[in-house]
Amino acid sequence: MQRRSRSGGRSHRKKAVAVGHLVGTSKYNVRREAMGSARTFDSKPRLSISAADFLPAERSLDSLQQAAETCRGCELYKNATQTVFGEGASNARIVMVGEQPGDVEDRQGHPFVGPAGRLLDRALSDVEIRRKDVYITNAVKHFKWIQRGKRRMHQRPLIRQVIACKPWLRAELLVIRPAVVVCLGATAAQAMLGRVILISKERGKLLRNQSGDTICVTIHPSAILRLREESQREREYQRLLSDIRVVSDYLDNPTAQ
Ligand code: SF4
């Protein structure tokens, strides 16, 4: 068996601390938190700073939203205009989770109000779900971006940033207690399921995570908008509708699943 040198172990540990800002844990544990259940996401050892340090004692959607405005659980607040918290019915049976606010959302302070939000509105209307009956949020509450010329281009959040932000999502779900959580895209799915998933393989199915949430994974509307061909966009849009119909069928008849 190959033995790891002492110095190798130390440098590994040093790197883990640098990557995860960890206290009393290792890079392996960060991965476990990323891949594991909500228990591993939410329990110690955890990141030294995360949104958990900013949660209010009293948990309503209003108090959570207010507290999230001053969250410094990771560095993403530094370049964003504001926190974009979830919005919608506090008794929603469906919670939809995207990745993070986009450029328009960051400026306006509301989730899914840009082009992807308009496509989602159209999809909800096509399957006869009223947006006001749904709670819509993101796995990460601040816009992560990079300047390209005059444009602020979206950047995918790192897994440690998703983990740092997860306490807000968990708190929203604990207040709302929805029947189903719809994950729009891989980042939301990873946040909810605690593992990397292939959207193409798992979309449109009802899944369970270790917290007992019922989850349906589908594509993020912005991924549809990025497709070049109109025919491709239409095909993917129809698949999005079909995934959301799985959710509405389940709500109509939960025991049939
Ligand atoms: S992205 Fe989430 S954890 Fe990071 S600062 Fe914003 S609200 Fe806090």
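Preceding this paragraph is the structure being described.
Residues numbered from 1 in each chain as written. Predicted model: local features only at pLDDT ≥ 70, side-chain atom pairs only at ≥ 80, totals over all residues.

Draft legend 1. View of the overall build of the chain. Helix and strand content of the chain: 11 helices and 8 strands. Looking at the 257 residues of the chain, the share that counts as buried comes to 37%. In the chain, of all internal contacts separated by at least 6 residues, the share reaching a separation of at least 24 is 68%. (Helix = DSSP H or I, 4+ residues; strand = E, 2+ residues; numbered from the N terminus. Buried ≥ 20, exposed ≤ 12 C-beta atoms within 10 Å, placed from the backbone. Contact = placed C-beta atoms within 7 Å.)

Draft legend 2. Summary view of unusual backbone geometry. If you check the backbone angles, Phe112 has positive phi at about 50° while not being a glycine. The residue Phe112 is located in the loop between helix H5 (103-108) and helix H6 (115-126) in this model. Residue classification places Phe112 among the buried residues on the basis of 29 C-beta atoms within 10 Å.

Draft legend 3. Main features of the packing of helix H7 (residues 159-176) against helix H8 (residues 186-193). Relative to each other, H7 and H8 sit at 70°, their axes nearing to 10 Å. One way to sum up the angle between H7 and H8 is to call them roughly perpendicular. Across from Val162, Lys166 and Leu169 in H7, the residues of H8 making contact are Thr187, Gln190 and Ala191. Taken together, the residues of the contact of H7 with H8 break down into 3 nonpolar, 2 polar and 1 charged. (Axes fitted to C-alpha atoms, helices over the stretch in contact; angles between N-to-C directions. Parallel < 35°, antiparallel > 145°, perpendicular 65-115°, else oblique. Nonpolar A, V, L, I, M, F, W, Y, C, P; charged D, E, K, R; others polar.)

Draft legend 4. Structural context of the site of the ligand. Close contacts around the ligand come from 16 residues, with Cys71, Gly73, Cys74, His142 and Cys165 the closest. In terms of residues, the shell around the ligand owes the most to one element, H7, which gives 4 residues. Each residue belonging to the shell around the ligand can be placed in one class, and the counts come to 10 nonpolar, 4 polar and 2 charged. (Near = placed C-beta within 6 Å.)

Draft legend 5. Region of interest: the nonpolar core. In terms of nonpolar packing, the biggest core is built from 49 residues, with Val97, Cys165, Val181, Val182, Cys183 and Met192 touching the most fellow members. The element that contributes the greatest number of residues to this core is H7, accounting for 9 residues. Not counting residues up to four positions away in its chain, the partners in contact with Cys165 are Ala51, Gly73, Cys74, Ala139, Val140 and Lys141. (Core = buried A, V, L, I, M, F, W, Y, C linked by C-beta atoms within 7 Å.)

Draft legend 6. Spotlight on the sheet that holds strand S6 (residues 180-184). Spatial ordering of the open sheet is given by S1-S3-S2-S6-S8-S7, a layout of 6 strands whose pairing is mixed. Strands with a single pairing partner mark the edges of an open sheet, and in this sheet they are strand S1 (87-88) and strand S7 (206-208). Relative to S6, strand S2 (residues 94-98) runs parallel, the two being bridged by 4 bridges. Each bridged residue has a counterpart across the sheet, and for Ile94 the counterpart in S6 is Val180. Strand contacts of helix H11 (residues 230-252): S2, S6, S7 and strand S8 (214-218), with the helix running at about 165° to S8, the strand carrying the most contacts. (Pairing = 2+ DSSP bridges.)

Draft legend 7. Layout of the pairing of S8. The element S8 is extensively covered by neighbouring structure, given that 4 of its 5 residues are classed as buried. Relative to S8, S6 runs parallel, the two being bridged by 4 bridges. Paired with Cys183 across the bridge in S8 is Val217. When S7 meets S8, the two strands line up antiparallel, connected through 3 bridges.

Draft legend 8. Quick look at the pairing of strand S4 (residues 145-148). Relative to strand S5 (residues 151-154), S4 is paired through 4 bridges, and the arrangement is antiparallel. Its bridge partner being in S5, Ile146 is matched across the sheet by Met153. Connecting S4 to the antiparallel partner S5 that follows it, the hairpin turn spans 2 residues, and Gly149 within it adopts a positive phi of roughly 65°.

Draft legend 9. Quick peek at the packing of helix H4 (residues 61-68) against H7. Closest axis-to-axis distance for the H4/H7 pair is 10 Å, and the angle between their directions is 165°. Put simply, H4 runs roughly antiparallel to H7. Relative to H7, H4 is oriented so that their crossing is left-handed. The segment H4 lies against H7, with Leu61, Leu64 and Ala68 engaging Trp168, Ala171, Glu172 and Val175. (Left-handed = near helix turned anticlockwise from the far one by under 90°.)

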